Amino acid sequence: MNIVNVDYDGLIPNNVGLNSDQRVKAALEKWHPGYLDWWNDMGPEGFQQSLVYLRTAVSVDPKGWAKFDYVKMPDYKWGILLAPQVDDRKIPFGSHKGEAAWQEVPGEYRAMLRRLIVIQGDTEPASVEQQRFLGKTAPSLYDMRNLFQVNVEEGRHLWAMVYLLQKYFGTDGREEAEALLQRRSGDTDTPRMLGAFNEETPDWLSFFMFTFFTDRDGKMQLEALAQSGFDPLSRTCRFMLTEEAHHMFVGETGVGRVIECTCAAMKQAGIQDPNDIQAVRKLGVIDLPTLQKKLNLHFSLTLDLFGNEISTNAANAFHAGIKGRFREDKLEDDHKLENSTYPISRLVDGKISSVDVPALSALNMRLRDDYVADCAAGVGRWNRVPEKFGIAFQLTLPHVAFHRQIGEFSKVKADIAGAVMTDKEWESRKGDFLPSDSDREFIESLMKPEFEPGKFASWIAPPKTGIDNKSGDFEYVKIAD
Ligand code: BYC
């Protein structure tokens with residue numbers, strides 16, 4: 001079998017030799033119709049017959065792994081692709097550090113591994129469900145195509161997790177694979193597993209913020225799982241990360257283009273004060289303070305995805321060699337952490353303080369700190385745009401205690417600078433920090449579709465370059481009547 005190039009002959013493109021694994025092949029072929037039913041019911045609404053200029057993974061060679069072509073989304077080739085196996089790979093951390101990486105599930109860690117794979121798998125279809133109505137208000141065909149690209153790849157990431165469940169977890173794996181198609185984002189009876197994946201993505205600014213912030217949690221979690229001593233999980237996540245980069249590109253450039261459009265319109269209209277919200281909104285663009293509120297919302301929702309500050313689950317997963325740290329292989333310490341400490345923010349006597357705790361129990365925070373640093377770098381890049389236009393406004397990340405539902409800070413109300421406040425103060429000031437109903441209505445009023453090739457809605461600037469180097473007026477989606 002050629003591990004780099006993908007076998008396209010069967011129903012399920014793959015580089016895992018499915019043809020010689022009849023049991024798993026049959027299980028996946030049985031799961032396939034249910035997946036397609038889910039995609040047709042819960043995938044992008046109104047565009048299933050349209051031809052979309054999509055990239056499909058045809059190889060796992062980093063030098064050239066994708067091809068672009070027009071595809072109807074239900075005909076997309078959702079395949080199973082693992083990064084090539086590293087010869088003689090060793091478990092890089094935890095109590096088994098230095099032992100040969102596992103090619104089969106170690107019995108004692110089976111439940112822990114299954115849980116992590118199921119949680120990861122659950123987020124993928126959830127995001128498709130959250131974004132299913134956005135096509136109808138796309139600000140351009142370019143953006144619509146990017147949305148659908150993200151959606152089909154999240155679908156593929158579900159396949160990636162389902163492959164692991166079907167191949168390595170027997171009957172329970174099959175049951176979990178079925179359940180992944182049953183849960184629904186936002187459903188009161190059968191919600192998705194993690195909070196942020198049950199929120200709505202009601203408009204395109206939310207979509208861009210989601211792909212910047214929440215897909216970046218995806219990156220961090222996948223990086224941590226890519227370090228896993230369970231080699232098939234590591235290889236799966238490594239290839240998923242290749243695709244994930246584009247999702248964050250969509251978010252970062254999407255928000256960047258919104259800022260660009262706002263600043264250009266302000267400059268042209270001679271508006272100096274970014275806080276003159278009404279004047280800016282009259283230009284048909286999104287004012288920067290509202291953008292900041294959207295940022296506050298998505299950042300805080302995403303922080304919850306890192307779990308609790310002190311976590312025995314995280315300590316056990318690291319100790320077991322199942323889930324590592326961000327870029328574990330680049331860190332220089334003993335990779336066991338049994339005698340180390342790590343500083344985390346905690347509430348002490350009602351005040352937020354830094355406290356040293358055992359490093360093993362603080363691994364969620366370690367990953368979250370790496371995440372915050374990664375976000376801050378992106379926000380810094382956004383801030384170059386107002387600077388370029390000479391507009392005195394800088395976006396900032398709110399304090400980690402702001403607007404939290406999980407962990408230490410869910411017990412208190414804090415403002416964006418991290419000052420603890422009473423419930424009453426919070427009620428009266430939350431509209432300063434988070435989008436209010438009228439902010440939401442304003443954004444919604446801008447969400448008018450622009451489906452003419454090469455044209456863009458009033459509130460977003462065109463991209464610097466096209467996808468696959470296509471020209472500005474390229475018809476990225478041929479919309480079916
Ligand atoms: N919502 O010990 P703790 C992506 C639960 S995004 C609800 O702190 P742990 C993507 C927790 O399950 C990446 N419940 O938990 C992005 C536990 O419950 P049990 C997705 C929550 O395990 C965009 C209890 O609280 N991948 O790929 O250390 C588009 C105790 O908590 C939440 C992963 O997350 C929450 N937010 O940390 C598409 C990787 N937080 O078991 C895709 C896999 C905690 O005691 N998951 N709880 O009943 C993990 O590594 C961890 O399970 C978590 C939680 C980081 C999620």
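None of the values given here were measured: they were computed from a predicted structure.

1. Quick notes on the site of the ligand
Step number 1: Lining the immediate environment of the ligand, one finds 28 residues, of which R115, Q120, N308, S311 and K323 sit closest.
Step number 2: Taking N308, its main chain carries an N or O atom lying 2.6 Å from an oxygen atom of the ligand.
Step number 3: Between the ligand and S311, the relevant distance is 2.6 Å, taken from an oxygen atom to a side-chain nitrogen or oxygen of the residue.
Step number 4: Contact with the protein chains hides 80% of the accessible area of the ligand, taken as 1,100 Å² for the molecule alone.
Step number 5: Of all the cavities here, the one that holds the ligand is the largest pocket.

2. What about the packing of helix α1 (residues 22–42) against helix α3 (residues 141–168)?
Step number 1: Taken N-terminus to C-terminus, the directions of α1 and α3 make an angle of 145°; their axes are 11 Å apart at the nearest point. Here α1 and α3 pass one another in a crossing that is right-handed. Facing R23, V24, A27, L28, W31, H32, Y35 and W39 of α1, the residues of α3 in contact are N151, V152, G155, L158, W159, V162, Y163, Q166 and K167.
Step number 2: Partitioned by chemical class, the residues of the contact of α1 with α3 number 11 nonpolar, 4 polar and 2 charged.

3. A closer look at the layout of surface pockets
Step number 1: Volume-wise, the largest pocket comes out at about 950 Å³.
Step number 2: Lining the largest pocket are 47 residues, with I119, L194, Q221, L305 and K323 sitting closest to its centre.
Step number 3: When grouped by side-chain class, the residues that make up the lining of the largest pocket number 19 nonpolar, 16 polar and 12 charged.
Step number 4: Within this model, the second largest pocket holds a volume of roughly 400 Å³.
Step number 5: Lining the second largest pocket are 22 residues, with E199, L297, L301, P435 and R440 sitting closest to its centre.
Step number 6: Sorting the residues of the lining of the second largest pocket by element identifies α5 (204–226), α8 (288–303) and α11 (423–433) as the ones contributing at least two each.

Criteria and thresholds
Residues numbered from 1 in each chain as written. Predicted model: local features only at pLDDT ≥ 70, side-chain atom pairs only at ≥ 80, totals over all residues. Heavy atoms only, no water. Near = heavy atom within 4 Å. Polar contact = N/O pair within 3.5 Å; in protein donor to acceptor, adjacent residues only side chain to side chain. Areas by Shrake-Rupley, 256 points an atom, 1.4 Å probe, with all protein chains shown as cover. 1 Å grid on protein atoms, 1.4 Å probe; cavity = no way out; pocket = protein on both sides within 12 Å on 5 of 7 lines; lining within 4 Å. Sits in = over half its atoms within 2 Å of the grid points. Axes fitted to C-alpha atoms, helices over the stretch in contact; angles between N-to-C directions. Helix = DSSP H or I, 4+ residues; strand = E, 2+ residues; numbered from the N terminus. Left-handed = near helix turned anticlockwise from the far one by under 90°. Contact = heavy atoms within 4.5 Å. Nonpolar A, V, L, I, M, F, W, Y, C, P; charged D, E, K, R; others polar. Points joined across faces, edges and corners; volume = space filled by probe spheres on them.

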